[in-house]
Each structure stands twice: as structure tokens, then as C-alpha cells.
Amino acid sequence: MPLLNEAAGLDEVLASLRDQDYEGAWELVAVDGGSRDGTPSVLASWTERLPRLLVVAAPEGRRNLTGSLMLAAETAAGKIAIRADAHTVYAEDYVRRNVEALLETDADLVGGPMRPEGSTPFGRAVASVMVNPWVVGPAPYRRVLKRRRADTVYLGAILRSRLLGMGLRRFPSGVAEDADLAYRIRKQGGEVVLDPAIRSRYRPRSTLAALWRQFYRYGRAKAEMLYANRELPTLRPLAPLGLTIALAAGLSAAPWLGWWWLLGCSGGWAVYLAVVTGGWPRQVVAAATVQLSNGLGILTAIAAGPRRVTRSVGLRQ
């Protein structure tokens, strides 16, 4: 579990991991990336309540998501690495189900779907939008009813030796290392399996600004993956990109075609969002934010051109 300023809500996350029903030996390696909000104190308060907890302070140069994840994999002693996130609360059988799915399927990477659940009015609106295929696309990891192959999973379990050998790539946006890992596994002929029995509750962003930043970074990461891999893992990013280009074209053409043209384009988009979200104002705002920030992130990163991508491979393999 990589952490950076995650004190709020961390007690609930750790409590859900304390209550796991897995009967085998396991440990939680929590890597703190230099938190200043009391996260280290919260972790320290759990050392007796969660004896399996091992807290590691990331050194300078590894205080980023990929660096912390690889440091956790290097520090851990187990054969299977299961990713945990500080924005997620886990079902009591989460660890067990991950292990079972990995052993039963013999897949390279397994995981469950993302199940967002907001705790504030806007957070609940975001949660509904994040599982709406008419807003975020038909990604299987957001909705799945039975165990199946997929392009990626939420969090995920993998043999630790496999993770250390493949490593994680750090993109300039700081995200997409998980989607990239799944992509590289599939390109090498490996298998990624999505299992709905692996249950967790993701806590989405609860403010408009935080949601914008999150999906803007996701958009930039999609373009960065495109440059790094010479192809997109799926065609889903083309939808928000096309929307952003269409709105930008409408804005550019407005002086010649009239402002009614731009109003018509944006109005049509607003009507679409109102229809697919049921017309609830918070959902419409959340959906518009997700699509526009994501598309703008893709567009700006494409315009910026290729940027340096670094790869981190485990020291212990």
C-alpha cells in the first residue's frame, strides 16, 4: 500500500485489512512517501492492532507511486503481491479471493472490479458516474458479472517474482502504471483475469477540483502510454478525445458560423449528459468534469509530444 497524506479515512481501510479471513501467512507493507498530515502517526497506532503491518518510509527518489510500489514488492517476503490502495475499503475475503483466483486461473494478473461508493452528496454523484458506461465507456473492470479475461483490473494480484522481473514504468503524469503493467502482460502473451468475487469499495473524489485533477492526469497518462507503446490498450480514450476536439472546433468556428453554433454543440452535449445521468444536477456536473478533463488531458499530452518514461525493476527477484 503506497501512501501520501492519507490520514483521513485510513483507520477504516486498515480495519478492513485487519479483519481478513485468509488463513495463510500474509503481511501488509505500507510505504509512506513523505506524508505531512499525520499518516505516519495513524500507521504507528495500528502496529499492535495489526501485527502483520510493516511500515516503510520511502527514501528520496522513490517518493512516488511506482517507486513506493516497487519498494513494497522488494521488502515483502511473500510469493504473491496484492496491491492495496488507501482510498479503498476491503471485503473480509479480499486477500483470500485474490489468492484463489490467481491459483485457480493460472493467470499472470488477477483482480476485481472497481466499485465506487461515495460518502458525500457529490461523492455519490461521482460514484454513479464512474460506473455509467455512457459516461466512462464500457470498461469491464467497472462492471462485471462473472470471471472473465479483461484488459485490466482494479488493483490486482500477481506473483511477486513476476512483478519484480517486469517492473513498473513511471509516466510523467504519475499514473497508469497499473494499466501499463496489464498491457505489457497481454502483449507478452500473458493473461489478465477479472473476478467479481474480489470485492472492495473505492472512495471517489469528493470535490470538483479533485475530480478534475484526477481525470486530467488519467487523460495525460493515456497519451503517454500511446507514445510509449505505439498503440492504445483500448479504443475507449478516443471518445473523450473526440468530444474535446469537437468542442474546441465549435469554439474556433464560432466567430465565422455564429455563437449559436457553439451553443448548439455544447447544448447537445449537455442534453446527452442530462439524459444518460437521469438529469440530476450533481451527476451532470460530475459527468461533464470527467469527460472534459479526461479529453483535455489526452489532447494536451499529445500536443506536448513524447516525454521520458522510466522503468523500475525490483532489486530482489
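What counts, and where the lines are drawn
Residues numbered from 1 in each chain as written. Predicted model: local features only at pLDDT ≥ 70, side-chain atom pairs only at ≥ 80, totals over all residues. Heavy atoms only, no water. Pairing = 2+ DSSP bridges. Helix = DSSP H or I, 4+ residues; strand = E, 2+ residues; numbered from the N terminus. Contact = heavy atoms within 4.5 Å. Axes fitted to C-alpha atoms, helices over the stretch in contact; angles between N-to-C directions. Salt bridge = Lys/Arg side-chain N within 4 Å of Asp/Glu carboxyl O. Buried < 20%, exposed > 50% of the residue type's maximum accessible area, 1.4 Å probe, protein only. Parallel < 35°, antiparallel > 145°, perpendicular 65-115°, else oblique. Left-handed = near helix turned anticlockwise from the far one by under 90°. Nonpolar A, V, L, I, M, F, W, Y, C, P; charged D, E, K, R; others polar. Core = buried A, V, L, I, M, F, W, Y, C linked by side-chain atoms within 4.5 Å. Phe/Tyr/Trp six-rings, centres within 6.5 Å; stacked < 30°, edge-to-face > 60°.

Peer 1: Please explain the sheet that holds strand β2 (residues 28–32) as it appears in this structure.
Peer 2: A sheet is described by the order of its strands in space; here 3 strands give the open sequence β1-β2-β3, paired in parallel fashion. What marks the edges here is a single partner per strand, and that holds for β1 (2–3) and β3 (53–57). In this structure, β1 lies alongside β2, joined through 2 bridges in parallel fashion. When the bridges of β2 are listed, L3 appears paired with D32. Against the sheet, helix α3 (residues 65–75) makes contact with β1, β2 and β3, and its axis sits at roughly 145° relative to β2, the strand it touches most.

Peer 1: I tried to follow the pattern of salt bridges on my own but got confused; where do I start?
Peer 2: By the definition in use, this model includes 20 salt bridges. One salt bridge in this structure joins D93 and R96, with 4.0 Å as the shortest N-O distance. We classify R96 as partly exposed; its relative accessible area is 25%. When salt bridges with common partners are traced through the structure, they connect D21, D93, R96, R97, E100 and R199 into a single cluster.

Peer 1: Where do I start with helix α5 (residues 121–130) in this structure?
Peer 2: Quick reminder: α-helices carry 3.6 residues per turn. Residues three or four places apart thus point the same way. Counting buried positions over the 10 residues of α5 gives 7, a clear majority of the element. What α5 keeps buried is the set F122, G123, A125, V126, A127, V129 and M130.

Peer 1: Got a minute to help me understand the packing of α5 against helix α12 (residues 281–304) in this structure?
Peer 2: The angle between the axes and the distance between the axes are what describe a pair of packed helices. With their axes 8 Å apart at the nearest point, α5 and α12 run at an angle of 60° to one another. The orientation of α5 with respect to α12, classified from their angle, is oblique. Here α5 runs over α12; the crossing is right-handed. Of α12, the residues touching α5 (which contributes P121, F122, A125, V126, S128 and V129) are R282, Q283, V285, A286, A287 and V290. Of the residues that constitute the contact of α5 with α12, the class distribution is 9 nonpolar, 2 polar and 1 charged.

Peer 1: For this particular structure, what's the right way to read unusual backbone geometry?
Peer 2: The phi torsion of most residues other than glycine is negative, and most of the peptide bonds are trans. Not every positive phi belongs to a glycine, and N5 is a case in point at roughly 55°. Take N5: it is sitting in the loop between β1 and α1 (10–18). Located in the positive-phi region is R230, a residue other than glycine, with phi close to 65°. Structurally, the position occupied by R230 is in the loop between α9 (208–229) and α10 (238–257).

Peer 1: For this particular structure, what's the right way to read the nonpolar core?
Peer 2: In globular proteins that are soluble, nonpolar side chains generally tend to be buried together. Counting residues in hydrophobic clusters, the biggest one holds 51 residues, and the most contacted among them are M1, L10 and L28. When sequence neighbours within four positions are dropped, the list of residues in contact with M1 reads L10, V13, L17, L28, V29, A30, V31, A84, D85 and A86. Grouped together as the second largest cluster of nonpolar side chains are 18 residues, M166, L181, V192 and L194 included.

Peer 1: Is there a simple way to think about the packing of aromatic side chains in this case?
Peer 2: In this description, a pair of aromatic rings is defined by centroid distance and the angle of the planes. According to the stated counting rule, one finds 3 aromatic pairs in the structure shown. Ring centres of Y90 and Y94 lie 4.7 Å apart, and the angle between their planes is 50°; on these two criteria the pair is classed as tilted. What makes Y90 buried here is its relative accessible area of 5%.

Peer 1: Explanation requested: the sheet that holds strand β7 (residues 148–149) in the structure shown.
Peer 2: Adjacent strands of a sheet pair through backbone hydrogen bonds, lying either parallel or antiparallel. Taken together, the 5 strands give an open sheet; going across it, the order is β4-β8-β6-β10-β7, and neighbouring strands pair in mixed fashion. Here the strands that pair on one side only, and so sit at the sheet edges, are β4 (80–82) and β7. In this sheet, strand β10 (residues 192–194) lies alongside β7 in antiparallel orientation, the contact comprising 2 bridges. Residue pairing for β10: R148 is matched across the bridge by L194. In the packing of helix α4 (residues 94–105) onto the sheet, the strands contacted are β4, β6 (109–112), β8 (154–159) and β10, and the crossing angle to β8 comes to about 55°. Running over the sheet, helix α8 (residues 177–187) touches β6, β8 and β10 and is turned about 125° from β10.

Peer 1: Sorry if this is basic, but what is going on with the pairing of β6 here?
Peer 2: Two faces, one strand: in a regular strand the side chains alternate between the faces of the sheet. Burial along β6 is two-sided: L109 and G111 facing one way and V110 and G112 facing the other are all buried. Of the pairings in the sheet, the one linking β6 to β10 comprises 3 bridges and is parallel in character. Looking at the pairing, V110 lines up with V193 of β10. Across 2 bridges, the pairing between β6 and β8 is antiparallel. Bridge pairing in β8 places V110 opposite A157.

Peer 1: Before we go on, may I ask you to explain the side chain of T66 in this structure?
Peer 2: With respect to the helices and strands, the residue T66 is situated in helix α3. If sequence neighbours within four positions are ignored, T66 has contacts with L168, R169, R170 and E177.

Peer 1: Would you take a moment to explain the environment of E23 for this structure?
Peer 2: Take E23: it is sitting in the loop between α1 and β2. By relative accessible area, which is 81% here, E23 ends up exposed. Here the alpha-carbon distance between E23 and G167, two residues 144 residues apart in the chain, equals 29 Å.

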